Amino acid sequence: MKQAALAHLRCPRCQLGILSIEPIETRGADVMAGRLTCDTCGSIYSIDQGVPRFVSPENYAGSFGLQWLAHRRTQLDSSTGVPISRTRFFSVTGWPADLRGERVLEAGSGAGRFTEVLASTGATIYTFDYSRAVEANFLNNGGAPNVHLFQADIFEIPVERASFDRVLCLGVLQHTPDPPRAFRALASCLRPGGELAIDVYTKSLSARLQWKYLLRPLTTRMDAAKLHRLVEKLVPPLVAPTAFLKRLGGRAGARLSPILEYSQLGLAPDTNRDWAVLDTFDMYAPAYDLPQDIATVRRWFSDAGLERIVVRYGPNGVVGRGRKVTLAT
């Protein structure tokens, strides 16, 4: 943890308190172990492995911690050599590549595929995950001087409200128990004139006709580690047949297979196999999978008082962008 992060971190319990730091172990500019204390309510939070922890290590996002620690670099552009994350990021957000002087909040960062892209913009990044995936992100991006990481709950984000120029949340809202409430929590962090960008799985009849919704009643009851081992065993032999079905029948053909694979993205065979294991596990393991329709997402933005709203279908479902109304002077 960089001590500069304290400027905009706040106690999640009382939402008011400024946090003071007591370092126990440091490594260069980072506090690797220590504790944070709220000056208002006295709550204490640990710093472990360089990451402030505002939540219990055991929570409904445990499967995400497992998958991102096991596949720490699988989806990073710097690892694949293909700008998949960068392309998706700028397609969804429409933001400029130079964000120097701005402050950005990223919710549900996983292993940091989009954190890596954000760091390259020059903005000051505050990024968090509910799961232990934040440890993978720390290893991947924690060394960047403009990146501050923490483990926290999207419903109790430990940051100063109305203080961020931009807020980003990709691939996360559908995996929370209450997506509308999670959206409102994100919108509350925007300063006047700030921009929010999200995507969320699409709710439709065709989307429901997938193997995952047939199998999830079983797979979500399995031990996550056992499920991951099963996926590691079953997925690789199915990659080539799934790619064939995709070439034969497009998206409809791909849905005949119970796994995901990405041969169309130009990945190396080993990387495609690892990505297939990762995303197939990601499809079956999460405790919550709550897709949304485009009208509902548009209403979220409107009800939050945002303007310049753009809601459309994108590469990962429904994409939404909006701007917080600027206060009149």
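Model, not experiment: these values are computed from the prediction.

A. Examining the overall build of the chain more closely. Assigned secondary structure in the chain consists of 11 helices and 11 strands. Principal-axis analysis of the C-alpha atoms places the extent of the chain at approximately 60 × 45 × 35 Å. Counting every position in the chain, which comprises 329 residues, the buried fraction comes to 54%. The long-range fraction of contacts in the chain, counting pairs at least 24 apart against all pairs at least 6 apart in sequence, stands at 64%. Put simply, the chain shows about 14500 Å² of open surface, and 54% of that area lies on carbon and sulfur atoms. Side-chain charges in the chain split into 39 positive and 31 negative, and the spacing between the mean points of these groups amounts to 5 Å.

B. Representation of the pattern of salt bridges. Under the counting rule described, the total for this entry stands at 16 salt bridges. Put simply, R10 and E160 hold a salt bridge, and the shortest N to O gap is 3.6 Å. Within this pair, whereas R10 is found in the segment before β1 (19-27), its partner E160 is found in the loop between β7 (147-151) and β8 (164-170), the two being separated by 150 residues in sequence. Of the charged contacts, one joins E261 and K246 as a salt bridge, the two residues approaching to 3.1 Å between their closest N and O atoms. Here E261, found in the loop between α9 (224-254) and α10 (269-284), pairs with K246, found in helix α9; they are 15 residues apart in sequence, far enough to count as distant. Note on E261: relative accessible area 2%, which makes it buried. What makes K246 buried here is its relative accessible area of 19%.

C. Representation of the environment of P291 in the model. Its place among the elements puts P291 in the loop between α10 and α11 (294-303). For P291, a relative accessible area of 8% translates into the label buried. A C-alpha to C-alpha distance of 5.2 Å links P291 and T202, two positions 89 residues apart in sequence. In this view, P291 contacts Q174, Y201, T202, K203, R208 and Y213; residues no more than four positions away in its chain are not counted.

D. View of the environment of P57. Relative to the elements of secondary structure, P57 occurs in the loop between β4 (51-53) and α1 (62-70). The spatial distance from the C-alpha of P57 to the C-alpha of Y130 is 8.6 Å, given a sequence separation of 73 residues.

E. The arrangement of the pairing of β1 in detail. Relative to strand β2 (residues 30-38), β1 runs antiparallel, the two being bridged by eight bridges. Bridge assignment links S20 to a residue of β2, and that residue is T37. Connecting β1 to the next strand, β2, in antiparallel fashion are two residues, including G28 with a positive phi near 65°.

F. Representation of the packing of aromatic side chains. By the definition in use, this model includes 11 aromatic pairs. An angle of 85° between the planes, with centres 4.8 Å apart, marks the rings of F89 and F90 as edge-to-face. Ring pairs connect the aromatic residues Y45, F54, F128 and F150, which therefore count as one cluster. Positioned above the aromatic ring of F164, the side-chain terminus of R103 is 5.8 Å from the ring centre. In this structure, K246 is placed above the aromatic ring of Y262, and the distance from its NZ or CZ to the ring centre is 5.8 Å.

G. Quick look at α11. The complete set of buried residues in α11 reads I294, T296, V297, W300 and F301. Down the axis of α11, the buried side of the element spans an arc of 165°, and every buried residue falls inside it. One side-chain oxygen of the residue at the start of α11 lies 3.2 Å from the amide nitrogen of A295, identifying that residue as D293.

H. Region of interest: the pairing of strand β5 (residues 103-107). β5 sits mainly inside the fold: four of its five residues count as buried. Between the parallel elements β5 and strand β6 (residues 124-129), the chain passes through helix α4 (residues 113-119) in a crossover that is right-handed. Inspection of the sheet shows β5 paired to β8 by three bridges, in the parallel sense. Bridge pairing in β8 places E106 opposite L168.

I. The state of the cysteines, seen in detail. A full pass over the atoms with the stated rule returns zero disulfides. Its sulfur unpaired, C169 is 11 Å from the next cysteine sulfur, which belongs to C189.

Analysis parameters
- Each chain carries its own residue numbering, running from 1 in the direction its sequence is written.
- Reporting in this predicted model follows two pLDDT cut-offs: at least 70 for local features of residues, and 80 or more for side-chain atom pairs to be given and counted; totals over whole chains, interfaces and linings ignore these cut-offs and use all residues.
- Side-chain measures were taken over the full set of non-hydrogen atoms in the model, leaving aside hydrogen atoms and water.
- Secondary structure is summarised from DSSP: a helix means a run of H or I of at least four residues, a strand means a run of E of at least two, and numbering begins at the N terminus for each.
- For every residue, the accessible area (1.4 Å probe, protein chains only) is compared with the maximum for its type, and the residue is labelled buried under 20%, exposed over 50%, or partly exposed between those bounds.
- The contact criterion used is simple: two residues touch if any of their non-hydrogen atoms lie within 4.5 Å.
- Calculation of accessible area relied on Shrake-Rupley with a 1.4 Å probe; when residues are assessed, cover is drawn exclusively from the protein chains displayed.
- Working convention for charge: Lys and Arg count positive, Asp and Glu count negative, and His plus the chain ends are omitted.
- Lys charges are placed at NZ, Arg charges at CZ, Asp charges at CG and Glu charges at CD.
- Within this document, salt bridges are pairs made up of a side-chain nitrogen of Lys or Arg and a carboxyl oxygen of Asp or Glu, the two lying within 4 Å of each other.
- Being paired, for any two strands, means DSSP has found at least two bridges between them.
- Any two of the Phe, Tyr and Trp rings considered here, Trp counted by its six-membered ring, make a pair once their centres fall within 6.5 Å; the pair's planes then place it as stacked at under 30 degrees, edge-to-face at over 60, or tilted in between.
- Lysine NZ or arginine CZ positioned within 6 Å of the ring centre and within 35 degrees of the ring normal marks a charge as sitting over the ring.
- The directions considered for the arc run from the helix axis to the C-beta atoms.
- As used in this structure description, the phrase polar contact means that two N or O atoms lie within 3.5 Å; if the pair is within protein, one of them must be able to donate a hydrogen and the other to accept it, and residues adjacent in sequence are counted only when both atoms belong to side chains.
- Here a crossover is taken to be right-handed if, once the strands point away from the viewer, the path from the first strand over the helix to the second is traced clockwise.
- Disulfides are defined as cysteine sulfur pairs within 2.5 Å.

Remember, this is a structural readout, not a statement about activity or role.
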